[in-house]
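A look at the structure
For reference, the chains in residue letters:
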Amino acid sequence: MERNKTLGIIILFLVLGLIAGGILGESLGYILGKLGEMSGGSFDNPIRNFFVRSFDVDLGFNQNGWAVDLYLIKVRLGLGFKFNVCSLLGMGLSFYVMKWWKS
């Protein structure tokens, strides 16, 4: 029972860290883009791209994805992941917090 509880806490902190990192990445990307525009450059600058550029893994979201066609109802299933530098930083921070978490 203790092993299942530990695995659940690890998954919880992993998901929370990835969500927090995604929010941080989007916010930081917007701020760095606006700072790039204010300094005379463009919104799409190299510093912003370092934090925002993502590695996408999509399973079934395109038109050739998994579909269940029952003539009356058509269901399409998919799963997607989007990793960037900030999401990895958020995941690392969440594992650091989990290390000190009292359960």
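Predicted model, so just to flag it, every value in this text is computed and none were measured.

**Things to note about the pattern of salt bridges**
- Per the counting criterion, the structure on display carries two salt bridges.
- The closest approach of N and O atoms between Glu37 and Lys34, which form a salt bridge, is 3.6 Å. Taken together, the positions of Glu37 and Lys34, both in helix H1 (residues 2–38) and three residues apart, correspond to about one turn of that helix.
- For Lys34, a relative accessible area of 35% gives the class partly exposed.
- A salt bridge links Arg48 to Asp44; the nearest nitrogen and oxygen atoms lie 3.5 Å apart.

**Here we look at a nonpolar patch on the surface**
- The grouping of Val68, Leu70, Tyr71, Leu72, Ile73, Val75 and Leu77 at the surface amounts to a nonpolar patch, some 810 Å² of accessible area in total.
- Residue position: Leu77 is located in strand E3 (residues 74–77).
- Residue Leu77 is classed as partly exposed on the basis of its relative accessible area, which comes to 49%.

Calculation rules
- Residues numbered from 1 in each chain as written.
- Predicted model: local features only at pLDDT ≥ 70, side-chain atom pairs only at ≥ 80, totals over all residues.
- Heavy atoms only, no water.
- Salt bridge = Lys/Arg side-chain N within 4 Å of Asp/Glu carboxyl O.
- Helix = DSSP H or I, 4+ residues; strand = E, 2+ residues; numbered from the N terminus.
- Buried < 20%, exposed > 50% of the residue type's maximum accessible area, 1.4 Å probe, protein only.
- Patch = residues over 30% accessible without salt bridge, like charges linked within 9 Å, V, L, I, M, F, W, Y side chains within 5 Å.
- Areas by Shrake-Rupley, 256 points an atom, 1.4 Å probe, with all protein chains shown as cover.

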